[in-house]
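Listed here are the chains, written in short residue letters.
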Amino acid sequence: MTTRTASCSCGQLTAVTSAEPIRISVCHCLACQRRTGSVFAAQARFPANSVAIAGAATTYVRVGDGGGSCTFHFCSTCGATVYYTCQGGEDNIAIPVGAFADPAFPAPTFSVYEERMHSWVEMPVDIEHMD
Ligand SMILES: [Zn+2]
Ligand SMILES: [Zn+2]
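The rules behind the values
Residues numbered from 1 in each chain as written. Chains lettered and ligands numbered in written order. Predicted model: local features only at pLDDT ≥ 70, side-chain atom pairs only at ≥ 80, totals over all residues. Heavy atoms only, no water. Donors = N, O, S within 2.8 Å, 3.2 Å for Na, K, Ca; no water. Buried < 20%, exposed > 50% of the residue type's maximum accessible area, 1.4 Å probe, protein only. Disulfide = S-S within 2.5 Å. Helix = DSSP H or I, 4+ residues; strand = E, 2+ residues; numbered from the N terminus.

A.B. asks: For the coordination of the zinc ion (ligand 2), give the residues involved together with the corresponding values.
C.D. replies: Protein ligation of the zinc ion (ligand 2) involves Cys-27 (SG), Cys-29 (SG) and Cys-32 (SG), the donor distances falling in the range 2.1 to 2.3 Å. In the primary sequence, the donor residues of the zinc ion (ligand 2) line up as C-x1-C-x2-C. Grouping residues by exposure puts Cys-27 and Cys-32 together as buried.

Printed below as a string of structure tokens:
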């Protein structure tokens, strides 16, 4: 069993995963661009019971276009988001792939909201495209 550790920039907020990700995706939507400061977000979902969280988090609730909301948990010291959950999907915890700081982390298989994708970004050829 692989365990992986996601952490904020300063290291006080961590999430240790003890299962393989259920789904790995990237999202090009504008809200994800603003949240991450990057031009797209990459995240992996894990079964909630396989994630052990430690440290103090502040939360921000974002209501999406479809009315559903996601709650982002971030470090109030350094500001990095370490995990989030979305309404209706509380069995899963999503973790930004970058929080693992692991270049060997598995590649995403879904690409979402490509109408907002920056023109210079290229996705893997075999990725599945979703709205
Ligand atoms: Zn921090
Ligand atoms: Zn998004």
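So that's the structure; there's more coming.
A.B. asks: How would you sum up the state of the cysteines? Please name residues and give values.
C.D. replies: With the rule as written, the count across this model stands at one disulfide. Between the sulfur atoms of Cys-70 and its disulfide mate Cys-86 the distance is 2.0 Å. Across the disulfide from Cys-70 to Cys-86, rotation about the S-S bond amounts to roughly 100°, and the bridge is consequently right-handed. Pair noted here: Cys-70 is in strand β7 (residues 69–74) and Cys-86 is in strand β8 (residues 81–86), with a separation of 16 residues, a long-range link. Residue Cys-70 is classed as buried on the basis of its relative accessible area, which comes to 16%.

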